[in-house]
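Chain residues, written in single-letter form:
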Amino acid sequence: MTVGALERLELQNPTLASHPHPAPGPGPTLAWSPAVGTRVFGPRSPGAGERPCLPPPPLSPLSFLYTGFLSLRSENVLVLALGIIILGVCHYTLTVKGSHLATHGALTESKRWSRIWELFFVEVCSSFSAEYGKYGHVKMHHGYTNVLGLGDSSTWRLPCLNRYVYMFLAPLLIPILTPLVAVERLRKVELRSAVRTLGLISLGLYAHYWLLLNVSGFRSPGSALLCMFTTRSLLAHPYLHVNIFQHIGLPMFSRDKKPQRIHMMSLGVLNLPRLPVLEWAFGHSIVSCHVEHHLFPRLSDNMCLKVKPVVSRFLQEKRLPYNEDSYLARFWLFLSRYEEFMVQTPPITELVGLQ
């Protein structure tokens, strides 16, 4: 589906069509909904003796990070736990939500700034290679969703592990394995890119370590490293689960008989319900709007949420599946059918009468 298809979908929904996308301007604009009793700014100049009433300044996301680092200075167990939770959620917001949107170029229309944000979120924050991230996710996973041997999410399969080790213990290895895999793949890129990636990954890891020592007040390197591991693995379990729940166990296709894109995305992608913490840390496009994201990969999180009812109605009108399931239902399904989903080669689905 293309941008033209999205426009046709919007025409079918008067509510969505009556709120067109804002035209790009020279800079960001601020939309503010005033409370009762406050003056709304307009073109009129304030009268004599009248001071303009400014909206309260927004809370900067950096203040959450700063609060989290400062909370780790406390000797109170509850405050310390709160700091770890804040840093863990902020870490996954940067590494999952930020990296995902930056890889798709959904943060800005500027190609230069898209590249800058991609390097920052993927290499500095996520400790991974930007080139391999874009190739594996955008070109392979999105281009060949659920096509065996290409975009079938096989990188998440570890047949050597049993179901309990994989579902409960393996996620804890993600913070350690991610930079190691990135360094291993640097052998296959040109020297200039390898040096840049290695430098940015080192910068991100050392910055986290330095902040724990100098802002949070950790006195030993071991305790700082332990805290790094704890915060970076806080949401590792739902991160791994969400990635396998939304594709594995759904129809898989062969590379020489893959269906049309609309059929491939409607059959091979699943939405989870809106879960506040995961929506904040991972983004709507990964959790509750994954079908919409696969149909329109360059849409922002907010736009994926806006087109969700339109896409759902469109697929139902065309008698195409719109897959939805709860987190717990998928969890128990994978736990009971782990061998079938994660060990054995999935069967190939052939569509008859839809081509």
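Residues numbered from 1 in each chain as written. Predicted model: local features only at pLDDT ≥ 70, side-chain atom pairs only at ≥ 80, totals over all residues. Heavy atoms only, no water.

K.L.:
Residue-level account of the environment of L278, with values.
P.N.:
Mapped onto the elements of the fold, L278 is located in helix α13 (residues 276-282). Looking at L278, the relative accessible area reads 9%, which means it is buried. Spatially, the C-alpha atoms of L278 and K97 are 9.8 Å apart, while their sequence positions differ by 181 residues. (Helix = DSSP H or I, 4+ residues; strand = E, 2+ residues; numbered from the N terminus. Buried < 20%, exposed > 50% of the residue type's maximum accessible area, 1.4 Å probe, protein only.)

K.L.:
Please set out the pattern of salt bridges residue by residue, giving values where relevant.
P.N.:
Summed over the entire model, instances satisfying the criterion amount to 10 salt bridges. Two residues, K134 and E118, come together in a salt bridge whose shortest N-O distance is 3.6 Å. Of the two residues, K134 is situated in helix α6 (residues 130-142) and E118 in helix α5 (residues 111-125); the sequence distance between them amounts to 16 residues. Residue K134 is classed as partly exposed on the basis of its relative accessible area of 32%. With a closest N to O distance of 3.8 Å, K308 and E324 form a salt bridge. Remark: E324 occurs in strand β2 (residues 323-324) and K308 occurs in helix α15 (residues 301-317); sequence separation between them is 16 residues. With relative accessibility at 17%, the residue K308 sits in the buried group. Each of R115, E118, E123, E131, K134 and R196 takes part in salt bridges that share partners, so that together they form one network. (Salt bridge = Lys/Arg side-chain N within 4 Å of Asp/Glu carboxyl O.)

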